[in-house]
Amino acid sequence: MNHRHILLSIFERMLQVYGPRKWWPAKTRFEVIVGAILTQNVSWKNVQIAINKLQKNGLLNLESMLSAETGKVAENIRSSRYYNQKAWRLKGFCQHVKERYNGSLDALFNNDMEILREELLGLKGIGKETADSILLYAGQKPTFVSDAYTKRFLDRFGLMDGNAGYDQIRNYFMQNLPTDVYIYNEYHALIDHHCHRICKVQPDCSSCSMKIIGEKLNCQFPEQAKQGSPG
Ligand code: SF4
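Note that the coordinates shown come from a computational prediction; the quantities given were computed from them, not determined experimentally.

A.B. asks: Quick rundown of the overall build of the protein? Include the residues and the values.
C.D. replies: Secondary structure assignment for the protein yields 14 helices and zero strands. The N-to-C order of helical and strand elements in the protein reads α-α-α-α-α-α-α-α-α-α-α-α-α-α. Scaling as 2.2 N^0.38, a compact globule of 231 residues should have a C-alpha radius of gyration of about 17 Å, and the protein matches this with 19 Å. Judged by the C-alpha coordinates and their principal axes, the protein covers about 55 × 35 × 30 Å. Among the 231 residues that make up the protein, the fraction classed as buried is 50%. Of the roughly 11400 Å² that the protein leaves accessible, carbon and sulfur atoms contribute 47%.

A.B. asks: For the domain arrangement of the protein, give the residues involved together with the corresponding values.
C.D. replies: Under the domain assignment, the protein is made up of domain 1 (3-21 + 145-222) and domain 2 (29-138). One C-alpha centre belongs to domain 1, the other to domain 2, and the line joining them spans 28 Å. Counting residues at the interface gives twelve residues for domain 1, matched by nine residues for domain 2. Of the roughly 880 Å² buried at the junction of domain 1 and domain 2 (both faces included), carbon and sulfur atoms supply 55%. Considering only the side of domain 1, the residues that lose the most area to domain 2 are Val-145, Tyr-166 and Arg-170, jointly responsible for 53% of the buried surface there. Its salt-bridge partner being Glu-114, residue Arg-170 comes within 3.0 Å of it at the nearest N-O pair. There are six residue pairs in polar contact (both at pLDDT 80 or more) connecting domain 1 and domain 2. Broken down by secondary-structure element, the contributors of at least two residues to the side of domain 1 that touches domain 2 are α11 (166-176) and α12 (181-197).

A.B. asks: If you had to explain the packing of aromatic side chains to someone new, which residues and values would you point to?
C.D. replies: Tallied over the entire structure, the rule returns eleven aromatic pairs. Pairing Trp-23 with Tyr-137 gives two aromatic rings, centres 5.9 Å apart and planes at 55°, and the pair type is tilted. With Trp-23 in the loop between α1 (3-18) and α2 (29-38) and Tyr-137 in helix α9 (residues 128-138), this pair connects stretches of sequence that are 114 residues apart. Summarising the aromatic geometry, the rings of Trp-24 and Tyr-137 are spaced 5.3 Å apart at their centres and angled 55° between planes, so their arrangement reads as tilted.

How each quantity is defined
Residue indices begin from 1 for each chain and proceed along its sequence in written order. Predicted model: local features are reported for residues with pLDDT of at least 70 only, side-chain atom pairs are reported and counted for 80 or more only, and whole-chain, interface and lining totals are derived from all residues. As a rule here, side-chain values cover all heavy atoms of the structure and leave hydrogens and water aside. Where helices and strands are cited, they refer to DSSP runs of H or I of at least four residues and of E of at least two residues respectively, numbered from the N terminus. Taken over C-alpha atoms, the radius of gyration is set against a globule rule of 2.2 Å times the number of residues to the power 0.38. Partly exposed residues are those whose accessible area sits between 20% and 50% of the maximum for their type, while under 20% is buried and over 50% is exposed, using a 1.4 Å probe and protein chains only. Only the protein chains shown count as covering a residue, and every accessible area follows the Shrake-Rupley method with a 1.4 Å probe. For the domains described, the bounds stem from an automatic or database domain assignment. Pairs of residues are marked as contacts when any of their non-hydrogen atoms sit within 4.5 Å. Throughout, buried area stands for the accessible area (probe radius 1.4 Å) lost by two parts on being put together, summed over both. When a carboxyl oxygen of Asp or Glu lies within 4 Å of a side-chain nitrogen of Lys or Arg, that pair is called a salt bridge. In the analysis that follows, any N or O atom pair within 3.5 Å is treated as a polar contact, provided that within protein one partner can donate a hydrogen and the other can accept it, and provided that, for residues neighboring in sequence, both atoms belong to side chains. Each Phe, Tyr or Trp ring (for Trp, its six-membered ring) is paired with any other whose centre lies within 6.5 Å, and the angle between the two planes then decides the class: stacked below 30 degrees, edge-to-face above 60, tilted in between.

Here it is, written out as structure tokens:
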């Protein structure tokens, strides 16, 4: 099985069916970073409410967020759950950029990708998915973002078993796809779209446009996913 061919065929099909997702939905790099930190364990709708509030109150930039009281930041992001903890995380990120890069995101993203990834992972509350989202969507660095949807997606196509770890999944995509920010950007966004709408916990195989490509590629959809479906 040629994994590069399979992954690119699935990508092209999703792009054709769903169209480009054009992530990340944000106007500035700082907004991407704030969104990536806030989106942990909460719906995007609630993140947007928090971002709009930060914007309205002049806190959606590094300097203002840094000089604001943590309680004030928390109050603005109340809709995003665990808001006190997330306020500290946002402030911690800002503090780090201020101290180490004089507040410059350009200087931050001038770093080598893997070195910067390790640095971000060393900050409180920034896990692998958040770090890779920041690197890819704010820093335009060629890293692949994985999440629960990605895991399910690979499992359903029989490309990797459901117990694969984060780095195993990230390496799988990065080793088999061209090193290309556009492809990594759209691929992650398309997987999320597909798994949110169609390939859900109970997959809607009867209306899935991907089953054709799965059959063509001889992908072995697992029995559970096959129930009630020709997938
Ligand atoms: S056919 Fe079913 S299991 Fe396969 S990708 Fe589509 S929804 Fe998921």
